[in-house]
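# Structural features, examined
Spelled out, the chains give:
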Amino acid sequence: MSTSTAAQLAMSVNYATLAVLALWQFVPWARTQPLINALWPLLAIHTARTIALQLYSAQADGLDISDSVRNQIVWGDQVGAVLALLTLVALWVRPPVVKFLGWVLVTATVIDLGNALVQGIRHDLLSDVTDVSWLILTFYVPLLWVSIALVAWLLATRHRELGTARLQEGAK
């Protein structure tokens, strides 16, 4: 099996697994929680997007990726990580701002991940990635897509709860 085929298989299985977990476990749980309690674990996932900085190491170790593509991926993810952190902080100190920051995060993430997808296909990165880069593309990227879809769902369907909401003690 080629590395590209293995990566595509792993991504497909991971997307399917995450979708099942989201629909059977997260969505029913989230419906029983205040909105900000349901949002925080999804936002926390995005704070780890700093892991994209490892592309500098991967490139130094031989990953065939241009500086331009690397920088687009890395800096898009750094912006996403900062937005996720700001939105997490807003859950505690300024819940009315969460709606705005959340939608900025959703928009920036879709643009960033969409661009990374296009660049990855254009430059056939799945055939070249190994080690940590392979794990990021096959597991973490599907987790980012599924979690940002859940953030968008929560913001779209339960936005009225953000006015004066506070995290419940159990979620801190």
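To be clear, the structure that these remarks concern was listed above.
The text that follows walks through the structure, step by step, so that each part is easy to find. Every value quoted in this text rests on a predicted model; they were computed, and no experiment measured them. (Residues numbered from 1 in each chain as written. Predicted model: local features only at pLDDT ≥ 70, side-chain atom pairs only at ≥ 80, totals over all residues. Heavy atoms only, no water.)

### Some details on unusual backbone geometry
The test is simple: Counting from the N terminus, the helices are the DSSP runs of H or I reaching at least four residues and the strands are the DSSP runs of E reaching at least two. Remark: exposure states derive from per-residue accessible area (1.4 Å probe, protein chains only) relative to the maximum for the residue type, with buried under 20%, exposed over 50%, and partly exposed in between.
Phi is positive for aspartate 124, close to 50 degrees, though the residue is something other than glycine. Mapped onto the fold, aspartate 124 is located in the loop between α5 (95-122) and α6 (131-158). A relative accessible area of 40% means that aspartate 124 is categorised as partly exposed. The phi torsion at aspartate 131 lies on the positive side, around 55 degrees, for a residue other than glycine. Inspection of the secondary structure puts aspartate 131 in helix α6.

### Observations concerning helix α2 (residues 35-47)
Residues spaced three or four apart along an α-helix point in a common direction, a consequence of the helix completing one turn every 3.6 residues. Applicable threshold: One less than the number of residues in a helix, times 1.5 Å, gives the span that helix is expected to have. Given a residue, its bend is the angle between the two axes fitted to the seven residues that end at it and to the seven that start from it. Whether two residues are in contact is decided by their heavy atoms, any of which lying within 4.5 Å being enough.
Over its 13 residues, α2 runs 19 Å from end to end, which matches the ideal 18 Å to within 8%, given 1.5 Å per residue. Of all the bends found along α2, the most pronounced is centred on proline 41 and spans about 25 degrees. Turning to α2, its buried residues number three or more, namely Leu35, Ile36, Asn37, Ala38, Leu39, Leu42, Leu43 and His46. On its buried face, α2 sits against α1 (3-31), α4 (67-93), α5 and α6.

### Overview of the pattern of salt bridges
Heads up, the rule is: By convention in these notes, a salt bridge is any Lys or Arg side-chain nitrogen within 4 Å of a carboxyl oxygen on Asp or Glu.
The tally for this structure, following the rule as stated, stands at three salt bridges. A salt bridge links aspartate 77 to arginine 49, with the nearest nitrogen and oxygen atoms 2.8 Å apart. Taken together, the positions of aspartate 77 in helix α4 and arginine 49 in the loop between α2 and α3 (54-60) put the pair 28 residues apart, joining distant regions of the chain. The class of aspartate 77 is buried, set by a relative accessible area of 9%. Ionic pairing is found between arginine 70 and aspartate 67, a salt bridge with its closest N-O pair at 3.2 Å. You can see arginine 70 and its partner aspartate 67 sitting in helix α4, three residues apart, about one turn around the helix. The class of arginine 70 is buried, set by a relative accessible area of 10%. When salt bridges with common partners are traced through the structure, they connect Arg49, Asp77 and Asp112 into a single cluster.

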